[in-house]
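Take a look at the letters that make up each chain.
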Number of protein chains: 2
Amino acid sequence: MDIKSKIGIRIKELREQKDMSQKDLSFFSNIDRSYIASVENGQRNISIVNIEKVSIALGISLKEFFNNDKFDNDSRSC
Amino acid sequence: MDIKSKIGIRIKELREQKDMSQKDLSFFSNIDRSYIASVENGQRNISIVNIEKVSIALGISLKEFFNNDKFDNDSRSC
DNA sequence: TTGTAGACTGGAGTCGACC
DNA sequence: GGGTCGACTCCAGTCTACA
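Here's a quick rundown of the structure. Note that the structure is a prediction, hence the values are computed from the model and not measured. (Residues numbered from 1 in each chain as written. Chains lettered and ligands numbered in written order. Predicted model: local features only at pLDDT ≥ 70, side-chain atom pairs only at ≥ 80, totals over all residues. Heavy atoms only, no water.)

## Observations concerning the side chain of Ser29 of chain B
All names here are of chain B. The topology assignment puts Ser29 in helix α2 (residues 22-29). There is a polar contact of 2.6 Å between the side chain of Ser29 and the backbone oxygen of Leu25. The residues contacting Ser29, other than those within four sequence positions of it, are Ile36, Lys53, Val54 and Ala57. (Helix = DSSP H or I, 4+ residues; strand = E, 2+ residues; numbered from the N terminus. Polar contact = N/O pair within 3.5 Å; in protein donor to acceptor, adjacent residues only side chain to side chain. Contact = heavy atoms within 4.5 Å.)

Next up, the structure:
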């Protein structure tokens, strides 16, 4: 599975855990909502600066953001 | 400290641990060497696709790449 | 609430060269 | 081996709008 899709799924799962809408996340991260939608769907190649903004908006560190099976070398999650 | 600088330092420390030159890393990741130099110096906002390429070239997972104090919320490392 | 589309601007990333 | 420059292309990211 493509890294862009993994990132998108990760953002979506964290966002929903926090009961936030894309609009909420857009507001707190200061990133355009339509862009967040396309990132969540694995269509866009997000930069590290914006990944950090998203992490902060989600209330976690970058370390926690990437501390997930999806980002292991041999994930069987897909 | 800025996230771009943290990423740059992390790449440089991992690269040097593996005894690779910027040219080596450029070759294995298929990313331009001059661009890698500017990323290591915290001048560029690298995208997730290229962070993954660098991780693969360095022989580690993204999870390991970000599993570092620098990417914690309240790092005292600087 | 989310997906997507079109039009737009700035910057990511390439390439060649020089120190 | 590494830093940086200039010129280039193309996509990241914004904004508005509609289903």
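## Quick word on the nonpolar core
Core analysis: the largest hydrophobic core is formed by 40 residues, its most contacted members being Ile7 and Phe66 of chain A together with Ile7 and Phe66 of chain B. Broken down by secondary-structure element, the contributors of at least two residues to this core are α1 (3-17), α3 (33-40), α4 (48-58) and α5 (62-66) of chain A together with α1 (3-17), α3 (33-40), α4 (48-58) and α5 (62-66) of chain B. In this view, Phe66 of chain B contacts Ile48, Leu62, Lys63 and Phe66 of chain A together with Ile7, Ile51 and Phe71 of chain B; residues no more than four positions away in its chain are not counted. (Core = buried A, V, L, I, M, F, W, Y, C linked by side-chain atoms within 4.5 Å. Buried < 20%, exposed > 50% of the residue type's maximum accessible area, 1.4 Å probe, protein only.)

## A short note on α1 of chain A
In this model α1 of chain A runs 21 Å from its N-terminal to its C-terminal C-alpha over 15 residues, within 8% of the 21 Å that 1.5 Å per residue would give. Turning to α1 of chain A, its buried residues number three or more, namely Ile3, Ser5, Lys6, Ile7, Gly8, Arg10, Ile11, Leu14 and Arg15 of chain A. Lining the buried residues of α1 of chain A we find α2 (22-29), α3, α4 and α5 of chain A together with α4 and α5 of chain B. Looking at where α1 of chain A begins, the residue whose side-chain oxygen comes 3.1 Å from the main-chain nitrogen of Lys4 of chain A is Asp2 of chain A. Looking one or two places after α1 of chain A, you find Asp19 of chain A, whose phi comes out positive at around 60°. (Expected span 1.5 Å × (residues − 1).)

## Points about the protein's contact with DNA strand D
Taken together, 19 residues lie near DNA strand D, and Tyr35, Arg44 and Ser47 of chain A together with Gln22 and Arg33 of chain B sit nearest. Each atom of DNA strand D within 4 Å of the protein was classed as base or backbone; sugar and phosphate made up 59%. Looking at the surface near DNA strand D, the elements with two or more residues in it are α3 of chain A together with α3 of chain B. Across the surface near DNA strand D, the residue classes break down as four nonpolar, ten polar and five charged. (Near = heavy atom within 4 Å. Nonpolar A, V, L, I, M, F, W, Y, C, P; charged D, E, K, R; others polar.)

## Describing the interface of chain B and chain A
Across the boundary between the two partners, chain B contributes 22 residues, which contact 22 residues of chain A. Taken together, the two surfaces of chain B and chain A that pack against each other cover about 1900 Å², and 61% of this comes from carbon and sulfur. The largest per-residue losses of area from chain B upon contact with chain A belong to Ile3, Ile48 and Lys63 of chain B, which jointly make up 33% of the total buried on that side. In this assembly, chain B and chain A are joined by two salt bridges. Notably, a salt bridge pairs Asp72 of chain B with Lys63 of chain A, separated by 3.4 Å at the nearest N-O pair. Connecting chain B to chain A are twelve residue pairs in polar contact (both at pLDDT 80 or more). Looking at the side of chain B that touches chain A, the elements that each hand over two or more residues are α1, α4 and α5 of chain B. Residues that form the side of chain B that touches chain A fall into these classes: ten nonpolar, six polar and six charged. (Buried area = accessible area lost by both parts, 1.4 Å probe. Salt bridge = Lys/Arg side-chain N within 4 Å of Asp/Glu carboxyl O.)

The values are spatial; any link to function lies outside them.
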